[in-house]
Every structure is written in C-alpha cells, then in structure tokens.
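The chain contents come next:
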Amino acid sequence: MNDLERIDAALIALRHLWTAPFRIDDPALGSVEMSTIWVADSLRRTPDQTVAELAGHMGVAHSTASRLIGRAERAGAVTRQPDPMDQRRVTVRLTTSGAALARTALAHRLTIVREATDGFTVQERA
C-alpha cells in the first residue's frame, strides 16, 4: 500500500465522512448512495467477504452491514452468492459496475488527498 492509499484508508476510518446521506451519479449504476461506495470500497480492499466480515471491516453491526449490502445489491454494485466452502454462509462480491465504481471513488479520493498534500515532502506525506 502506498502513502496515498494509507492516507485514504485513514480517511475511510472516519466514518462520518461516509454516513452523509447524499447520492452521486455513476455512469453505469445511476444515482447511488454513499453507503454503496462504502460497501464497494470494502470489497475492493478485501474481495468476496461474508456479511459478518464486511460488518467487521466497516465497523458496523451485522444488521447495519446487511442493510447497506442490500442497498448496494439493489444498485447493482454487488451480488450475494452461497459461500463455496460453507453453503450456510453468503459471500458478497462486487459486480463489474461495482468494481468500476470503487475504482472511480478511490481515484477521486486520492486526487483530493494528493491536492491536499501537494506541498508535503515524502516524509511528511508518510
């Protein structure tokens, strides 16, 4: 993980940035809620997670993760599939459109971080 990605990860940890109830327009998915980007980004970082794993990575309750995954699924960003190792569990995966959404969101955030740290030395950025 490079320095900009570490800064991005720290920003993501500040959940209040993600809980704003606004929507963005995505070319493939249409209008999506910020929570869909949050789910997609978690799956970009660690693909094919269970609902419980996503809840842990996102720092939310299982029921909250399930609700957010449902929104992301309705938006077309993720799919739920039976876990190949345990049919009682469900694995959440990014769709092609969800992966593109996550990459676009990351590029946008890294641009903001890059601009904010433009005058920093390598050591200061790290």
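This one's a predicted model, so the numbers in the text were calculated from it and none came from an experiment.

### Quick word on the packing of helix α3 (residues 51-58) against helix α4 (residues 62-75)
- Where α3 contacts α4, the two axes come as close as 8 Å, and the packing angle between them is 105°. As the angle between them shows, α3 and α4 are arranged roughly perpendicular. Of the residues in α4, those in contact with V51, A52, L54, A55 and M58 of α3 are H62, A65, S66, L68 and I69.
- In the contact of α3 with α4, the residues fall into 8 nonpolar, 2 polar and no charged.

### Things to note about the pattern of salt bridges
- Summed over the entire model, instances satisfying the criterion amount to 8 salt bridges.
- D41 serves as the salt-bridge partner of R109, at 2.9 Å between the closest nitrogen and oxygen. Pair noted here: R109 is in helix α5 (residues 96-116) and D41 is in helix α2 (residues 34-45), with a separation of 68 residues, a long-range link.
- Overall, R109 belongs to the buried group, its relative accessible area being 12%.
- Accessibility expressed as a relative area gives 2% for D41, which makes it buried.
- When the shortest N-O distance is used, the salt bridge between D86 and R88 registers 3.0 Å.
- A residue is classified by how much of its surface remains accessible, and R88, at 75% relative accessible area, is exposed.

What counts and how
- Residues numbered from 1 in each chain as written.
- Predicted model: local features only at pLDDT ≥ 70, side-chain atom pairs only at ≥ 80, totals over all residues.
- Heavy atoms only, no water.
- Axes fitted to C-alpha atoms, helices over the stretch in contact; angles between N-to-C directions.
- Helix = DSSP H or I, 4+ residues; strand = E, 2+ residues; numbered from the N terminus.
- Parallel < 35°, antiparallel > 145°, perpendicular 65-115°, else oblique.
- Contact = heavy atoms within 4.5 Å.
- Nonpolar A, V, L, I, M, F, W, Y, C, P; charged D, E, K, R; others polar.
- Salt bridge = Lys/Arg side-chain N within 4 Å of Asp/Glu carboxyl O.
- Buried < 20%, exposed > 50% of the residue type's maximum accessible area, 1.4 Å probe, protein only.

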